[in-house]
Amino acid sequence: MTEPAAVNDGADGFGALQGLVVLDLTQMLAGPYATMMLADQGARVIKIEPPGGDNTRRNGPHLEGAKKIEEGGFGGYFGSINRNKQSLVLNLKKPAAKAALLRLVRQADVLVENYRCGVMDRLGLGYETLAAENPKLVYATLRGFGDPRSGESPYVNWPAYDPVAQAMGGIMGITGATQGGPPCKVGPGVGDIVPAMFLAYGIAAACWRSQRSGKGQFVDVAMIDGILAICERIVFQYSTSARSPVPEGNGHPLLCPFGLFPARDGYISLAAPNDRFWGPLVERMGRPELATDPRYDSGEKRVANRAEVDAIVGEWTARHTKLELAELIGGDIPFGPVLNAAEVFADPHFRVRRMLVETEQPGAKSPLTIAGSPVHMSETPGGVKRRAPLTGEHSQQTLADFGFDPQEIANLRADGAIQ
């Protein structure tokens, strides 16, 4: 066995996290989204996949001509959240693969996993084992109900997906089309993505300490905890009133007018929660007398007479198109048209802000467009630099970078430990 070489950070000279080495054992959406955030800021994220690759490679949609899954390819789902990463296939059922992972851990800064509770411990790769190998290691987990090390939930062994987190974390209970009506799932997978953001934040904080103190730690985020954290309003509302908030439709329980209103060709969002905006709004509506009407001349009164206010505003907005409303009040009153995907692609804002990024799709006749990073930094810009990897595309090079010699790599391949 040769001595480990200095690990190439693989960051192509971009991003504030250049030099950070992350071993990514996550799958599905939540974990990969967290590590994607790190990769977007320059971390070298090595996605460790089982033989055959992450199952989400099979999730569509698929561009015409794209490489088949059997050829290491992937669909749009995988391509969107695994950009900027490298792929190493390790069969962790093989002792040699476990030993190889331990060698990687000794040189890594971070390991992230989102297996069911206890899986890594049963593999002999739990936090305590890996921390003994590398005391500086930040070991991060993302599970539905958290890890017992941080507080054992009565649901610790329950499986969880996005809708479970949305339901139990509180967001569904205050989301719905009508005030006081049935709960409703939020459109995007916030039950996965929000906890992922908290995990990336926790990892960055733990790495800052590790680099100064030489001591890593265990970072644990529960999906339902992440959802409750962004529903903080229901906590203080219940604390002060002992009443559970209910769905508020497309408005706001404390502000008015504030929410969704009809347009002649769709819908717009509008907010005039204080007199600074209420006066100019009713002026543009041709109803200046409403600014001093004793029923509506304060924020509290507008909230108390919400149904009347919303009806008056909605009757006016419904007479105009989204474009006409933009010309009438855009830039002066908080306003935005409700855009569908085609309108997002056509809007110049998202192109100039690099939020629509074309990436290579191996074998496809056209590129795959994915959402860019909303984080812009002047000196370390980060962003989307590379497409998602093919299955095992970087196995050989990664092991070589970590000090494995050609014969060791050949032995691992012959044993079925790597692909």
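In every chain, residue numbers begin from 1 and rise along the written sequence. Reporting in this predicted model follows two pLDDT cut-offs: at least 70 for local features of residues, and 80 or more for side-chain atom pairs to be given and counted; totals over whole chains, interfaces and linings ignore these cut-offs and use all residues. Hydrogens are left out, water is left out, and the side-chain values use all remaining heavy atoms of the structure.

A. Spotlight on unusual backbone geometry. Here the bond from G60 into P61 is cis, since omega is 0°, no more than 30 degrees from zero. Here a strand is any run of E in DSSP of at least two residues, a helix any run of H or I of at least four, and the numbering for each starts at the N terminus. Along the chain, the position of P61 falls in the loop between β2 (44–49) and α2 (76–81). Cis rather than trans, the peptide bond between C256 and P257 has omega equal to -10°. Relative to the assigned elements, P257 resides in the loop between α9 (232–241) and β7 (258–263).

B. Examining the packing of aromatic side chains more closely. Note on aromatic pairs: the rings of Phe, Tyr and Trp (six-membered ring only in Trp) are paired at centre separations within 6.5 Å, and the planes decide the class, stacked below 30 degrees, edge-to-face beyond 60, tilted for the rest. Under the counting rule described, the total for this entry stands at seven aromatic pairs. Residues Y127 and Y139 carry aromatic rings whose centres are separated by 5.8 Å and whose planes lie at 75° to one another, so their mutual orientation is edge-to-face. Highlighted residues: Y127 in helix α5 (residues 127–133) and Y139 in strand β5 (residues 138–143), separated in sequence by twelve residues. Summarising the aromatic geometry, the rings of F145 and Y155 are spaced 5.5 Å apart at their centres and angled 55° between planes, so their arrangement reads as tilted.

C. Fine view of the sheet that holds β7. Strand pairing follows a simple DSSP-based rule, namely that at least 2 bridges must link the two strands. The antiparallel open sheet is built from three strands, whose spatial order is β7-β8-β9. Strands at the two margins of the open sheet, each flanked by one partner only, are β7 and β9 (335–337). With strand direction ignored, the average angle separating the axes of adjacent strands in the sheet is 25°. Looking at chain direction, β7 and strand β8 (residues 266–271) are connected through six bridges and run antiparallel. If you follow L260 over to β8, its bridge partner there is S269. Relative to β7, helix α12 (residues 306–317) is tilted by about 40°, and along the sheet it contacts β7 and β8. Between two residues, a contact is recorded if the distance between any of their heavy atoms is within 4.5 Å. Orientation is described by lines fitted to C-alpha atoms, with helices fitted over the stretch in contact, and by angles between N-to-C directions that extend from 0 to 180 degrees. Against the sheet, helix α13 (residues 322–329) contacts β7, β8 and β9, and its axis sits at roughly 165° relative to β9.

D. Summary view of the pattern of salt bridges. Any Lys or Arg side-chain nitrogen found within 4 Å of a carboxyl oxygen on Asp or Glu counts as a salt bridge. Going through the model one piece at a time under the given rule, you end up with 24 salt bridges. Measuring nitrogen to oxygen at the nearest pair gives 3.1 Å for the salt bridge that ties D54 to K47. There is no split in this pair, since D54 and K47 are both buried. Its salt-bridge partner being E113, residue R143 comes within 3.0 Å of it at the nearest N-O pair. Here E113 lies in strand β4 (residues 110–113) and R143 lies in strand β5, a separation of 30 residues in the sequence. Several salt bridges converge on common partners, so that one network encompasses E113, D121, E128, R143, D147 and R149. Each residue is assigned to one of three classes by its accessible area relative to the maximum for its type, calculated with a 1.4 Å probe on protein chains only: buried under 20%, partly exposed between the two thresholds, exposed over 50%.

E. View of the sheet that holds strand β1 (residues 21–24). Read across the open sheet, the six strands follow the order β3-β2-β1-β4-β5-β6; overall the sheet is parallel. Bordering the open sheet on either side are β3 (85–89) and β6 (217–222), each of which pairs with just one other strand. Going across the sheet, the axis of each strand differs from the next one's by a mean of 20°, ignoring polarity. Sheet analysis places β5 next to β6, joined by six bridges and oriented parallel. The partner of L142 across the bridge, within β6, is V221.

F. The arrangement of the environment of W278 in detail. With respect to the element layout, W278 can be found in helix α10 (residues 275–284). Placed 20 residues apart in sequence, W278 and F258 show a C-alpha to C-alpha distance of 11 Å. Polar contacts here mean pairs of N or O atoms no more than 3.5 Å apart (in protein, one a potential hydrogen donor and the other a potential acceptor; neighbouring residues in sequence count only if both atoms are side-chain atoms). A polar contact is formed between the side chain of W278 and the backbone oxygen of Y296, at a distance of 3.4 Å.

G. The arrangement of a nonpolar patch on the surface in detail. The grouping of Y155, W158 and M168 at the surface amounts to a nonpolar patch, some 290 Å² of accessible area in total. If you trace the backbone, Y155 turns up in the loop between β5 and α6 (162–169). For Y155, a relative accessible area of 31% corresponds to the partly exposed category. Each patch is built from residues lacking any salt bridge and having more than 30% relative accessible area; the joining distance is 9 Å for like charges and 5 Å for nonpolar side chains (Val, Leu, Ile, Met, Phe, Trp, Tyr). Residue-level accessible areas treat just the shown protein chains as cover; the underlying method is Shrake-Rupley with a 1.4 Å probe.

H. Seen up close, the confidence of the model for the chain. Mean pLDDT over the chain works out to 95, with 97% of the residues at or above the 70 mark. The pLDDT value tells you how sure the predictor is about a given residue, anywhere from 0 up to 100. Counted against residues more than four places away or in other chains, residues 1–12, with its pLDDT under 50, gives 30 contacts.

I. Quick peek at helix α17 (residues 406–415). If you check which residues of α17 are buried, you get E408, I409 and L412. Angularly, the buried residues of α17 cover 100° about the axis, an arc narrow enough to put them on a single face. Exposed side of α17, more than 90 degrees from the buried face: P406, Q407 and A414 are the residues found there. Packing partners of the buried residues in α17 comprise α3 (95–107) and α16 (395–401). Where α17 begins, the side chain of D405 points an oxygen toward the backbone nitrogen of Q407, at a separation of 3.1 Å. Downstream of α17 by one or two residues, G416 has phi in the positive range, about 80°. Directions drawn from the helix axis to the C-beta atoms are what define this arc.

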